[in-house]
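What follows is the residue order along each chain.
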Amino acid sequence: MALKVKLAPPSLSGNLLNRKVLTIAAVAVGVIAVFFIAVFSFYWVKYKNIVDERLEKPLFANTAKIYAAPREVRPGQKLTASFIAQELREAGYTQDGTNPVSPMGTYSLNADSITVHPGPQSYHAPDSATISFEGSTVSQVTDTNGEQLAAYELEPLLITGLSDQNRTKRRLVTYTELPRYLVPAVTSIEDKRFFEHGGVDYIRLFGALKSDLLSRRYSQGGSTLTMQLARGFFLTPQKHFKRKVIEILITFQLEHRFTKQQIFQMYANQIPLGQQGSFAINGFGEAAQAYFGKDVRQLNLPECALLAGLIQSPSRLNPYRHPRRALERRNLVLDEMVETGAITKDQAEQAKASALNLATQSVDANEAPYFVDLVRDQIVQKLGDAEYNQQGLRIYTSLDPQLQEAATEAIDIGMKHVDELVLRKHTHRASRKSPPVVDSNIVYPQVALIALNPHTGQVLALVGGRNYGMSQLDHAVAHRPTGSIFKPFVYAAAFNTSLSGAQLTNSDGVSGVFTPATMLNDTPTTYMVGDQEYTPHNFHGEDYGEITANYALQKSQNVATIALAQMVGFNNVAALARDAGIKSARGTPSVAIGAYDATPLEMAGAYTVFANGGVKIDPWMLASVRNTNGDVISDYAPTSKPILDPRVAYLTTSMMENVINHGTAAGVRAMGFTAPAAGKTGTSNDAWFAGYTSNLLCIVWVGNDDYSDIKLEGADAAAPIWAQFMKRAVALPQYSDTKDFDPPQGVTVVQLDKATNLIANATCPDSYTAAFLDGTQPTDTCDHANGDQRNLFQKIFGLGQRPVAPAPLQAQQPAPQPATPMTPQPNPAPGIAANNQETAQQPKKKRGFWSRLFGGGKKDDQQQQQQQQQAEPQPNPN
């Protein structure tokens, strides 16, 4: 039986309720949507304006670039064509047939030659040259017409870019300049879908957000490269939910405005990649130079992978401090590149087998930061434009990168030795068996080194401290008392008086023209300075009585040098020093021993008067400033001024040669430096050494920042650094052709007997070299020191008259017109006069026949040896 069921119709009230709910829901959704659109639009417009404002200015400051001096290639140098090609590539040149053609220039490389073609943006005029080789030596350099050239300058190399206000350095690169493997390396490890998504990888982002919400740590990544770029340009590094939303909004703005290639280019220039010294490394261009010493275009696969791996945590993965972590991260990047198909597994395995091959981590050697800071200061002074560092200027300087590296190495080695000496002086033992105790207030010294071409003033290397990352104070321009490196100016002032034939009178009343053999009083003397007494002493308190000027400078005797300065006139000495650039010098007794201060850079300029034939040439660092296209804005020429007669410069140099060969600086010879050189040690509270060869001048200073006494002498602290540097310098092709110092016309160089200071011959082989103005040199030989004309019978029996010292020499030529030279009495020891008073107080002993015949008995010989030993000076390292 069929049943019929009748359904009740829906109630009116139920329909109304459902409609009401749907309406409310629709309204709510609409309100939420409107609210969301309104909020989104508000923030979209807000951050659009922020992005617009930021993009109105250049994304990156086009900071000035600092270039080194051009390398000069000359026939005979030890160079190869491949080396020059590599240097040209580093300077931005491209090989012929390569596209695009570099505006800097091109080169063509053959089996035994290389032809250089400077471009429109080159530092040089567009004059090509061909450099030919025989083996590994430059055989000739010819121009386009086949004419031989004495030398040819290559394109200057980039040293560094100036940092911005935040001490950040970057080398801007374009997308097309990035090496083949860098883009896939970065995208494989940081954003695999970079070229596919619209700025946000939603799957990765929501996974990261879920992890952050669950852990409440906000530590998970999910950012695409565009999001990282947005964060780096517009936001703080703090992690929170609101910032992530804002980051996405800015990401959409960037994706809307730029292509993927443009976004990656901005990312490649902005990404932080570590720290070098006190500078931040931003961008792959700067990182390539900092970590590998290369242009970014030259990076290979494992190097690209390493830089890509650093992005995650540059400090934790720093390859210098944590090489194992960096290696593991690099290999992970290589695996990811295999997974994305960017490279094959064989390529990855081959890359993994390679070492890190990092460049030497030395900002002081690679980027010369103290030098660059001085150049920056000069640019501000000369251009007077606060915006100069935004204009992409090319600043060409005097720096030689190879010599800068040599200076840094010498300081690294030398300061380790200095630290050992300081530690030794501050380490004590209560007894032999007790453990060593180191003073708690120990201070390790600072250092400065300046090297320049003494004939041009070109500052070739400059180090202003032992570590730029630790201290940016440039000690190369810090004023310090000069100590005994000032003394050559006293002797030069004395030689100045000889040019006119003026006579100097010593404390014994003996007058004559000054020469290296002039006798000086080395006995302490009291001087009145105002109403105060001043009694100087020698460094070790020794007193040698009468010594030659040559010996006084050789052993750096304070008392004798001040006595000479008094004879010359303290004001005359100070005036000469001021003319040479030591502006603080004043005419007091202490000026003679370097009591007044100067900077190491000023002393380098002052010493050019000796090394450059009497002409002072101001040290310079800035050669030319040009715009981004290579057009000259301003060129700078050095200034020079004649200060000394060339003969005076040579005579003083000759005495300083003796300092290095036999005096307080003889230690540099013991260290293996053999080239002809002249120099002077200096010790005050600081340690100094100033020295030069025929083509290179170098000043080294070592001292404490607080001006306390380092208690080390110049011979022990500064001279070894100078020797380390100069040994490296003369090994370089451009400084290897050192020559002897040639005496100018009007100077005679002779060999003098050390005992008598007269002309040496075969009977007195113990001699030394000395230079004299023509007509002032001794004429008697050592074997005729007393002019004894008696016959053998008279000499045996003591008959006849023994003559005393020879009469003073007279001038022998009209120009210069010297008066009587201050000729020494025969001396019992090299450079030292006999103490006549002590000799006079000893009673004479009558000698027998055999004593008269053979020169005295055994007892007399012993007494004479003892007297000579007492007269022999001890080395004074001052």
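Refer to the preceding data block for the structure.
Quick caveat, the model's predicted, so the values are computed rather than measured. (Residues numbered from 1 in each chain as written. Predicted model: local features only at pLDDT ≥ 70, side-chain atom pairs only at ≥ 80, totals over all residues. Heavy atoms only, no water.)

Which residues make up the overall build of the protein, and what values go with them?
Each helix and strand in the protein was counted, giving 27 helices and 34 strands. Taken over 878 residues, the protein has a buried fraction of 50%. Contacts spanning at least 24 positions in sequence make up 66% of the contacts within the protein whose residues lie at least 6 apart. When the accessible area of the protein is evaluated, it comes to approximately 41,600 Å², of which 53% is carbon and sulfur surface. (Helix = DSSP H or I, 4+ residues; strand = E, 2+ residues; numbered from the N terminus. Buried < 20%, exposed > 50% of the residue type's maximum accessible area, 1.4 Å probe, protein only. Contact = heavy atoms within 4.5 Å. Areas by Shrake-Rupley, 256 points an atom, 1.4 Å probe, with all protein chains shown as cover.)

How would you summarise the state of the cysteines if you had to cite specific residues and measurements?
For the structure on display, the rule yields 1 disulfide. Each sulfur of the disulfide joining C764 and C782 lies 1.4 Å from the other. Taking the torsion about the S-S bond as the criterion, the C764 to C782 disulfide, at about -50°, is left-handed. In this pair, C764 sits in the loop between β33 (747–753) and β34 (767–773) while C782 sits in the loop between β34 and α24 (792–797), placing the two residues 18 residues apart along the sequence. Just as C764 is buried, C782 falls in that class too. (Disulfide = S-S within 2.5 Å.)

Explain the sheet that holds strand β11 (residues 272–276) to me, using residue names and the numbers behind them.
Strand pairs in the sheet, formed through backbone hydrogen bonds, run parallel or antiparallel to each other. As summarised here, the arrangement of the 3 strands in space is β10-β12-β11, forming an open sheet in which the pairing is mixed. Each having just a single partner strand, β10 (168–169) and β11 make up the two edges of the open sheet. Bridge count for β11 against strand β12 (residues 279–282) is 3 bridges, and the pairing is antiparallel. Note that in β12 the partner of Q275 across the bridge is A280. (Pairing = 2+ DSSP bridges.)

Can you tell me about the packing of aromatic side chains, naming the residues and giving the values?
In the structure shown here, the tally under the stated rule is 18 aromatic pairs. For the ring pair F264 and Y267, a centre distance of 6.1 Å and an interplane angle of 45° mean the geometry is tilted. On the criterion of helical spacing, the pair formed by F264 and Y267 is a turn pair, its members being 3 residues apart in helix α7 (residues 260–270). Across the pair, exposure class does not vary: F264 and Y267 are buried alike. Where F673 meets W722, the ring centres are 5.3 Å apart and the plane angle is 80°; that geometry is what we call edge-to-face. Remark: W722 occurs in helix α23 (residues 719–730) and F673 occurs in the loop between α21 (667–670) and β30 (678–683); sequence separation between them is 49 residues. A connected cluster of aromatic rings, assembled from ring pairs, spans F486, F489, Y607, F610, Y692 and F741. Sitting over the ring of F194, K260 keeps its end group 4.5 Å from the ring centre. Across the ring face of Y707, the terminal group of R480 is positioned such that the distance to the ring centre comes to 3.9 Å. (Phe/Tyr/Trp six-rings, centres within 6.5 Å; stacked < 30°, edge-to-face > 60°. Lys NZ or Arg CZ within 6 Å of the ring centre and 35° of its normal.)

Summarise α7; cite the residues concerned and give the values.
The buried fraction of α7 is high, at 8 of 11 residues. For α7, every residue scored as buried is listed here: K260, I263, F264, M266, Y267, A268, N269 and Q270.

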